[in-house]
Amino acid sequence: MSHADAIETRINQLKAGSIPRHIGIIMDGNGRWATLRGLARLKGHRAGVEAVDRVLETVMALGVDYLTVYAFSTENWKRPTAEVRGLMALLVEYLDAKLDKLMANGVCLKAIGDKAGLPEKVQASLKRVEEKTKANTGLYFNIALNYGGRQEIVRAARALAEEVQAGSRSLEEITEESLADKLYTAGQPDPDFIIRSSGEFRISNFMLWQMAYAELWLTDTLWPDFSADDLLDAIADYQKRNRRFGGIDAKGKV
Ligand code: IPE
Ligand code: IPE
Ligand code: MG
């Protein structure tokens, strides 16, 4: 059996079980991947983009509805200017090169994060792709850019406070639902499954509110090496989990 056929067989087997509706990925390890090969960090980011493509194809084949990838955090501005510039240029290149493919696959792309803080060129590319893909429903693909979970919650709290101040909302109407409605992910289901590559055991300010009951999966694999098989291994593990959401398992399992 060819590798592609083996992947297809695995996907079909997994589809018999529960597939996370929303997957979030903290794509980490591009820099280390490059350094290990004696390459510039930016080469690692470039290889990381290819891993995003592999994951996109696989999640679509699995029937996942929402995918959120963490591409640039509010803390990543601390990096050397050349790396930040390189990442931004890579992003514009990616958006311009992939628009046709995103359209052909029915992908709806949305940037989550403080877009106004991004370079003009990135904002323009994002606007074009978001506008063009906005009616697509095949896969909702969020790219977290200049994104921080705390920043997102503060922004939501301010939006609610403004409405209270203006008299259009009462204090009692500040609820989990109304706050979630002010997040970048308003209207989307919370992630069921969060994957982090590169062996770090931390969240790094990703989807703090939304991940309250997400299942976590951590792997030592560096992001540019992350393959379709890695994603399928992760899903297979997810399918063994017993999600109790604070309750007790109906089937009496412990
Ligand atoms: C993840 O890879 C990509 C971004 C944060 C932009 P890193 O660049 O963080 O790679 P490491 O962690 O330094 O190896
Ligand atoms: C998390 O990776 C952010 C992204 C993947 C965009 P980092 O490399 O920035 O996280 P830390 O610094 O190791 O926590
Ligand atoms: Mg990192």
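Before reading on, note that the structure itself is shown above.
Residues numbered from 1 in each chain as written. Chains lettered and ligands numbered in written order. Predicted model: local features only at pLDDT ≥ 70, side-chain atom pairs only at ≥ 80, totals over all residues. Heavy atoms only, no water.

**Some remarks on the site of ligand 1**
Around ligand 1, the surrounding shell holds 13 residues, and the nearest of these are Met27, Asp28, Gly31, Arg32 and Arg79. Between Asn30 and ligand 1, the recorded distance is 3.1 Å, taken from a backbone N or O atom to an oxygen atom. One of the side-chain N or O atoms of Arg32 is found 2.7 Å from an oxygen atom in ligand 1. Elements represented by at least two residues in the shell around ligand 1 include exactly helix H2 (30-36), helix H3 (41-62) and helix H4 (81-104). (Near = heavy atom within 4 Å. Polar contact = N/O pair within 3.5 Å; in protein donor to acceptor, adjacent residues only side chain to side chain. Helix = DSSP H or I, 4+ residues; strand = E, 2+ residues; numbered from the N terminus.)

**Comments concerning the environment of Tyr238**
Inspection of the secondary structure assignment puts Tyr238 in helix H8 (residues 228-238). Taking relative accessible area as the criterion, Tyr238 reaches 7% and is therefore assigned buried. When the C-alpha atoms of Tyr238 and Phe193 are compared, they prove to be 7.5 Å apart, with 45 residues separating the residues in sequence. Every residue in contact with Tyr238, bar those within four places of it in the chain, is listed here: Ser18, Ile19, Pro20, Asp192, Phe193, Glu215 and Arg243. (Buried < 20%, exposed > 50% of the residue type's maximum accessible area, 1.4 Å probe, protein only. Contact = heavy atoms within 4.5 Å.)

**With respect to the side chain of Gln210**
Counting through the fold element by element, Gln210 comes out in the loop between strand S5 (193-196) and strand S6 (215-218). With relative accessibility at 2%, the residue Gln210 sits in the buried group. Excluding anything up to four places from it in sequence, Gln210 contacts Tyr147, Glu152, Leu183, Thr185, Asp190 and Pro191.

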